[in-house]
2 protein chains.
Amino acid sequence: MDVITVGVDIGGTKIQAAAVRNGSVAGSHRVSTPQTGANDLVAAVGDAITKSLAETGADVEDLSAIGIGVPGAVDTAAGTVSNSPNLPGFQGADPIPLAKMVSAVAGDVAVKLDNDVRVAILGEWKRGAGRPYRNLLGVWVGTGVGGGLVLNGELYGGTGAAGEIGHTNIKPGGRVCSDGRKGHLEAYAGRGRIEAEARERVKDGQKTILFELMEKKGRTRLSSGIIATALERGDKLAEELIDDAVWALGVACASVQNLLALEAIIIGGGLGDRLGEPFVDRVARQMRPQLFVPEAPPVMLTPAFGDLSGAVGGAVLAES
Amino acid sequence: MDVITVGVDIGGTKIQAAAVRNGSVAGSHRVSTPQTGANDLVAAVGDAITKSLAETGADVEDLSAIGIGVPGAVDTAAGTVSNSPNLPGFQGADPIPLAKMVSAVAGDVAVKLDNDVRVAILGEWKRGAGRPYRNLLGVWVGTGVGGGLVLNGELYGGTGAAGEIGHTNIKPGGRVCSDGRKGHLEAYAGRGRIEAEARERVKDGQKTILFELMEKKGRTRLSSGIIATALERGDKLAEELIDDAVWALGVACASVQNLLALEAIIIGGGLGDRLGEPFVDRVARQMRPQLFVPEAPPVMLTPAFGDLSGAVGGAVLAES
């Protein structure tokens, strides 16, 4: 009999679902993230699940389980989410029973939750670019910078909050990070902090086409696409900020490699995906002279599933 | 029947053996490390093994296995050592078959090798301060700074050279490290680099009793004991250098904690042991405000076996 699972990647702007039949993606569906609270978000998740299943010719009665990657503090055992800064309805300290709520709108099927970045790494490790490896770091460069680890052939969770490579201190007293502390990787490589730094520099009189491009696109934020376009057009400020991001990722990845002697590092996330292989190659070149064993550098990879990694990982989580 | 193993910790200045009967240390012996090559070193290891066994009333015929921790590049499968900067006879790039050589002088008993710091962590994890934990970092602050990890309840090796926390980049462009690169933890916290920095500052005219104490003791190096004595006497330079070491350890431990969400961190090694709990407490206070989850800091520990950790770990390695 066919085994059908659905994986869902919940982000601050979009919800991506993938229906997986016997290990292969057979359908997928994306919806915008409602900005109106937990109930509307759960309804949208249910909708994405149903529509991704419909693409495969199946419905929720054929479904064996659902796996969800979600940003914030996830209690995997309880199936709850709290402290998720960009997810309306889940921003508070009170744990919201997301697993139970999704199950209720999806035929009472079993639902597993885990941290979004960790779930994306799980997808890439089991089905994507990370398949050959037992010791693997994923660095997800998006609005923030998150991480996930596979160590000794197991997804690594530590006491719960493992993977926060974005909060590696790479320059004491350096740029302010999203958590208010200084000099973290995320302060240099996260899209949100890159945007904040760009706004500061424009205030100080530096010229750039970044905000012009943003307005032309009718956006209020410097998306990864806008940053990439500015880079392609030789915008000096965009180049400086991405140079800093490459430098910061090189420093942090080198320190982690010296500690963990990994086989491979995957760089993904919104900004990572958009800048792609040339960006990852630059990080690799930045990192290499800093390695304690330079003759055994980790293989540097991009995600095989791009921005579907999270949804595929959710399906893997559902199968486990 | 009794199970008797011997663990040996080989260092640049001393060789420490411990005979363990049914899991408890029953005898130990320490000899100076011969500075005259591999054969003399192996003979000294054989001597330490025999004498530690004799203390228990046993001899090599009662011995089930030997485990050795050794600095340098260790091939655990082949039982060889190379590139060990402070071990005469093992400094070259050619792997020397230490396991086989020790077995030949110890009744052909099976001999296992691993990196000295990793073996010490193994001892503390299985028998010492680290017993309650499944996710554990050991930071060994000696002439250099080494590390070892227990993750998901297993000793972690990565592709072989895991644990080099001393080469975490904590201050880009900072002090020169033993490996020639700049700004590493070891450049601030390793005894060797602390000594080099002290010599520089004396050249620049700074006053200190460090080198006076060294001469009085008839030494040519600033041992951990000399540094500790200078601190106790309120020597300003010693205080500044140890303040820097505490700061550097706090930065590096915080970054690792943010990535790995560990349960505990053990700080040991020659300098760590000598400065003891007050030093570890200072590192804990330095680290804590830098944690991403400050309400779940790792337990900060000193080694239960002090400088016997390595030999006890060797015995555990032998049992495995």
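See the structure printed just above.
Now for a look at the structure at hand. (Residues numbered from 1 in each chain as written. Chains lettered and ligands numbered in written order. Predicted model: local features only at pLDDT ≥ 70, side-chain atom pairs only at ≥ 80, totals over all residues. Heavy atoms only, no water.)

Counting buried positions over the 11 residues of helix α10 (residues 309-319) of chain B gives 10, a clear majority of the element. Every buried residue of α10 of chain B is listed here: Ser 309, Gly 310, Ala 311, Val 312, Gly 313, Gly 314, Ala 315, Val 316, Leu 317 and Ala 318 of chain B. (Buried < 20%, exposed > 50% of the residue type's maximum accessible area, 1.4 Å probe, protein only. Helix = DSSP H or I, 4+ residues; strand = E, 2+ residues; numbered from the N terminus.)

Residue and element names in this part refer to chain B. Pairing in this open sheet of 5 strands is mixed, and the strands run β10-β9-β8-β11-β12 from one edge to the other. Pairing within the sheet leaves two strands with one partner each, and these edge strands are β10 (154-156) and β12 (299-301). Each neighbouring strand pair of the sheet contributes to a mean axis angle of 20°, computed without reference to strand direction. Alignment of strand β9 (residues 145-151) against β10, held across 3 bridges, turns out to be antiparallel. Along β10, the bridge assignment pairs Val 150 with Leu 155. (Pairing = 2+ DSSP bridges. Axes fitted to C-alpha atoms, helices over the stretch in contact; angles between N-to-C directions.)

Below, the discussion takes up the pairing of strand β1 (residues 4-10) of chain B. Residues and elements named next belong to chain B. Across the 7 residues of β1, 7 count as buried, placing the element largely inside the fold. Of the two faces of β1, both are covered, the one formed by Ile 4, Val 6, Val 8 and Ile 10 as well as the one formed by Thr 5, Gly 7 and Asp 9. Where β1 meets strand β2 (residues 14-21), 7 bridges bridge the pair, whose relative direction is antiparallel. In the strand pairing of β2, Gly 7 is matched with Ala 18.

On to the interface of chain B and chain A, then. Taken residue by residue, the interface counts 40 residues in chain B and 40 residues in chain A. Between chain B and chain A, the buried area comes to about 3,200 Å², and carbon and sulfur atoms account for 57% of it. Ranking the residues of chain B by area buried against chain A places Tyr 156, Leu 259 and Phe 292 of chain B at the top, with a combined share of 21%. Viewed at the interface, chain A and chain B are joined by 0 salt bridges. (Contact = heavy atoms within 4.5 Å. Buried area = accessible area lost by both parts, 1.4 Å probe. Salt bridge = Lys/Arg side-chain N within 4 Å of Asp/Glu carboxyl O.)

Here we come to the nonpolar core. Of all hydrophobic cores here, the largest spans 108 residues; its most connected members are Val 139, Leu 210 and Leu 260 of chain A together with Val 139, Leu 210 and Leu 260 of chain B. Ignoring anything within four residues of it in the chain, the contact list for Leu 210 of chain A reads Ala 198, Leu 222, Ile 226, Ile 227, Ala 230, Asp 235, Leu 237 and Ala 238 of chain A. (Core = buried A, V, L, I, M, F, W, Y, C linked by side-chain atoms within 4.5 Å.)

Turning next to the pattern of salt bridges. Opposite charge on two side chains lets them pair, provided their charged atoms get close. Residues and elements named next belong to chain B. Per the counting criterion, the structure on display carries 32 salt bridges over all chains. Between Lys 51 and Asp 47 there is a salt bridge, with its nearest N and O atoms 3.1 Å apart. Highlighted residues: Lys 51 and Asp 47, both in helix α1 (residues 38-54), separated by 4 residues, approximately one helical turn. The exposure class of Lys 51 is partly exposed, given its relative accessible area of 40%. Residue Asp 47 is classed as partly exposed on the basis of its relative accessible area of 29%. Note that Glu 197 and Arg 201 form a salt bridge whose closest N and O atoms lie 3.0 Å from each other.

Here we take up the packing of helix α8 (residues 236-260) of chain A against helix α9 (residues 269-287) of chain A. If you want to describe how two helices pack, look at the angle between their axes and the distance between the axes. All names here are of chain A. For the pair α8 and α9, the least separation of the axes is 8 Å and the interaxial angle reads 55°. Between α8 and α9, the angle falls in the class oblique. Note that α8 runs across α9; the crossing there is right-handed. The segment α8 lies against α9, with Ile 242, Asp 243, Val 246, Trp 247, Leu 249, Gly 250, Cys 253 and Ala 254 engaging Leu 275, Phe 279, Arg 282, Val 283, Gln 286 and Met 287. (Parallel < 35°, antiparallel > 145°, perpendicular 65-115°, else oblique. Left-handed = near helix turned anticlockwise from the far one by under 90°.)

Here the focus is the packing of aromatic side chains. Residue and element names in this part refer to chain A. On inspection of all chains with the given rule, the structure shows 2 aromatic pairs over all chains. With a centroid separation of 5.6 Å and 75° between ring planes, the pair formed by Tyr 188 and Trp 247 is classed as edge-to-face. Here Tyr 188 is found in helix α4 (residues 185-189), whereas its partner Trp 247 is found in helix α8, with 59 residues between them in sequence. The residue whose ring lies beneath Lys 126 is Trp 125, and the NZ or CZ to ring-centre distance is 4.4 Å. (Phe/Tyr/Trp six-rings, centres within 6.5 Å; stacked < 30°, edge-to-face > 60°. Lys NZ or Arg CZ within 6 Å of the ring centre and 35° of its normal.)

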